[in-house]
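# Observations on the model geometry
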Amino acid sequence: MNISKRFFTISNPTHIFLRLLQQKVDQTIQLDPRRDYLRLHANNKTYDFHYFWLRHNCNAVPQSRHPLTNERIVDCAHISLDLPPTSVKLIEENSKVEVQWPPNYITIAPICKNSSSSLVDSHTSTYSIDWLISNAYAVDRIDNVQPDYGDIRKVEIDYKNYINNNNLNDYFRDCYQRLKQYGLVVVRNRGLDTETVIRDFLPDNCHVFESHFGVIEDLRTDNKTNKNTDQLGYTNSAVDLHTDQPFIDNPPGMQMLQCIQKADIGGDNHLVNSHKAALYLREINPEAFYLLSTVAVKFHRKQKQFESLHVGPIIELEENGNDIKKVRHSYFTFATFQYPFWLMNSFYKAYQAYSTILKDEKYTFNVLLESGDFLLYDNYRMLHARKEFQGERFMRGIYFNHEQVWTKLEFEMNKK
Ligand SMILES: [Fe+2]
């Protein structure tokens, strides 16, 4: 398949047929054997295959298939899960992969001992590239996923710099890029006029997301302006990592926290990327990821005059079963877990494994807002927390719809 380019190298490739043909043969096949799996590069994609899966799908006769019936004779219960093969290479003009297995890659099943057909595994398997691609289960997989290191300098900008340089396009572009890449932006010195700050992120004729607290939350201990303030956010207590409004079916996509007055002591915010933490969990503890993305949790908010319930997993996947759609994580709105006895221990372990990543300080963005600063973050991707505080801390909370924020920022950053 990897026909050398030299057959089709033309100095002036104007002939459309030859150009198309050249593009086709340029699709190189390469192998990248890793410790635990084989990565195949083909057609500008990557395909990952565990070695034990390859061994399980070997069709060699008589090592893997019966010489008379061609039925599988290897039970994958007896395949090594952690031995690498002896060698892996491309053969037959890169149309096949050849894998050499070490002795005892599979053990002999007790019932087969003393059998005349040997299952002792020291042989060569071959797989056609076409067969591998058509049976692939990990295409363009991202490996070595880790959450971003929480360095506030990556997400912090100063509004004064844009005003002084008369360049608001860049202001909106920098907000957009930080929100897209990291899930949050911290803007210094934007001012105290909440309506003006909101307008930067809201298209004309659109409205902010109204919650059971009202349109704009006044997050202060002596709140007199909102409804349903009987919850942690309106105290001076610490609030650990959480998603806002997980107990409604469609939580707000983004939240802005505008600092009107900072606390005398404490009140810092902490944020972590829950999507990247979940992908990292999937790499290092797939069983925990599976439980957290399939076992439903009841998010139940019950206040004096408000009640809402949402039932769903903490890690919500897209319909393709692979990409993460949103994370809901809110320890203070969990209803009582009532899982079967056999599941309870595993579920708690999975939850704690995820929390260990989420609460690793190196992944945490620490933000202390001063009066006139604001923080805007993606409520589906970022968990946020607040330290306990003393003093008359006053923050304003405003919820936005995702698409409206993207639309407005794209409009402003490209404005002539
Ligand atoms: Fe919150």
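Residues numbered from 1 in each chain as written. Predicted model: local features only at pLDDT ≥ 70, side-chain atom pairs only at ≥ 80, totals over all residues. Heavy atoms only, no water.

## Structural notes on the coordination of the iron ion
Bound to the iron ion are the protein donor atoms His242 (NE2), Asp244 (OD) and His384 (NE2), situated 2.2 Å from the metal. One chain supplies every donor for the iron ion, spaced along it as H-x1-D-x139-H. Taken together, the residues His242 in strand β10 (residues 239-242) and His384 in strand β20 (residues 382-386) connect sequence positions 142 residues apart. Across the pair, His384 and His242 agree in class, each one buried. (Donors = N, O, S within 2.8 Å, 3.2 Å for Na, K, Ca; no water. Helix = DSSP H or I, 4+ residues; strand = E, 2+ residues; numbered from the N terminus. Buried < 20%, exposed > 50% of the residue type's maximum accessible area, 1.4 Å probe, protein only.)

## Some remarks on the nonpolar core
One finds Leu281, Leu292, Val297, Ile314, Ile315, Phe347 and Tyr354 to be the most contacted residues of the largest nonpolar core, which totals 34 residues. At the level of secondary structure, the elements contributing two or more residues to this core comprise α7 (274-284), α8 (286-294), β14 (297-303), β17 (324-327), α9 (341-358) and β20. No other element matches α9, which puts 8 residues into this core. With near-sequence residues (within four places) excluded, Phe347 lies in contact with Leu291, Leu292, Val295, Val297, Ile314, Phe337 and Tyr339. Ranked by size, the runner-up nonpolar core spans 26 residues in total, among them Cys206, Met254, Met256 and Leu376. (Core = buried A, V, L, I, M, F, W, Y, C linked by side-chain atoms within 4.5 Å. Contact = heavy atoms within 4.5 Å.)

## A look at the pattern of salt bridges
Under the defined criterion, the tally for this structure stands at 24 salt bridges. Across the pair Asp200 and Arg190 runs a salt bridge, and its minimum N-O distance is 3.0 Å. One end of the pair, Asp200, is in the loop between α6 (194-199) and β9 (217-219); the other, Arg190, is in the loop between β8 (184-188) and α6, and 10 residues separate them in sequence. In this pair, the class of Asp200 matches that of Arg190, namely buried. Two residues, Arg396 and Asp218, come together in a salt bridge whose shortest N-O distance is 2.8 Å. (Salt bridge = Lys/Arg side-chain N within 4 Å of Asp/Glu carboxyl O.)

## A word on unusual backbone geometry
Of the consecutive residues Val61 and Pro62, the connecting peptide bond is found in the cis state with omega at 15°. Structurally, Pro62 can be placed in the loop between α2 (51-56) and β4 (87-91). Backbone geometry at Glu92 places phi at a positive 50°, although glycine is not the residue there. Residue position: Glu92 is located in the loop between β4 and β5 (96-100). Phi is positive for Asp140, close to 50°, though the residue is something other than glycine. Looking at the element boundaries, Asp140 is found in the loop between α3 (129-134) and β7 (156-158).

## Things to note about the sheet that holds strand β3 (residues 45-50)
Here we have 3 strands laid out as an open sheet, ordered β1-β2-β3, and antiparallel in their pairing. The sheet is open, and its two edges are formed by β1 (30-33) and β3, each paired on a single side. Looking at each pair of strands side by side, their axes are set apart by 20° on average, direction ignored. (Pairing = 2+ DSSP bridges. Axes fitted to C-alpha atoms, helices over the stretch in contact; angles between N-to-C directions.)

## With respect to the side chain of Arg386
Inspection of the secondary structure assignment puts Arg386 in strand β20. Of the side chains bearing the opposite charge, Glu217 lies closest to the buried Arg386, which forms no salt bridge; the N-O distance is 8.8 Å. Engagement of the side chain of Arg386 in a polar contact is seen with the backbone oxygen of Gly233, the distance being 3.0 Å. (Lys, Arg positive; Asp, Glu negative; His and termini not counted. Polar contact = N/O pair within 3.5 Å; in protein donor to acceptor, adjacent residues only side chain to side chain.)

## Here's the deal with the sheet that holds β5
Read across the sheet, 3 strands follow the order β4-β5-β6 without closing on themselves; strand pairing throughout is antiparallel. In this open sheet, the two edge strands, each paired with only one partner strand, are β4 and β6 (124-128). Neighbour to neighbour, the strand axes of the sheet diverge by 20° on average, direction disregarded.

## As for the pairing of β20
β20 sits mainly inside the fold: 5 of its 5 residues count as buried. What you see with β20 is no split at all: Met382, His384 and Arg386 on one side and Leu383 and Ala385 on the other are buried throughout. Here 2 bridges tie β10 to β20, and the two strands are oriented antiparallel to one another. Following the sheet pairing, His242 is matched in β20 by His384.

## What about the packing of α8 against α9?
Running from N to C, α8 and α9 cross one another at 105°; their axes reach a closest spacing of 9 Å. Between α8 and α9, the angle is such that the two are roughly perpendicular. Of the residues in α9, those in contact with Ala288, Leu291 and Leu292 of α8 are Leu343, Ser346, Phe347, Ala350, Tyr351, Ala353 and Tyr354. (Parallel < 35°, antiparallel > 145°, perpendicular 65-115°, else oblique.)

## Regarding the confidence of the model for the protein chain
Confidence in the prediction of the protein chain, expressed as mean pLDDT, is 89, and 90% of residues score 70 or more. Note on residues 1-26: pLDDT is under 50 here. Beyond four places in sequence and across chains, it has 22 contacts. (pLDDT = per-residue confidence, 0-100.)

## Considering the packing of aromatic side chains
This structure, assessed with the given rule, holds 24 aromatic pairs. Note on Phe49 and Tyr137: the rings are 6.0 Å apart at their centroids and 85° apart in plane angle, and the pair reads as edge-to-face. One end of the pair, Phe49, is in strand β3; the other, Tyr137, is in the loop between α3 and β7, with 88 residues separating them in the sequence. Overall, Tyr137 belongs to the partly exposed group, its relative accessible area being 38%. Among the aromatic residues, those joined into a cluster by ring pairs are Phe299, Phe334, Phe337, Tyr339, Phe347, Tyr348 and Tyr351. Cation over ring: Arg190 sits above Tyr159, and NZ or CZ is 4.1 Å from the ring centre. (Phe/Tyr/Trp six-rings, centres within 6.5 Å; stacked < 30°, edge-to-face > 60°. Lys NZ or Arg CZ within 6 Å of the ring centre and 35° of its normal.)

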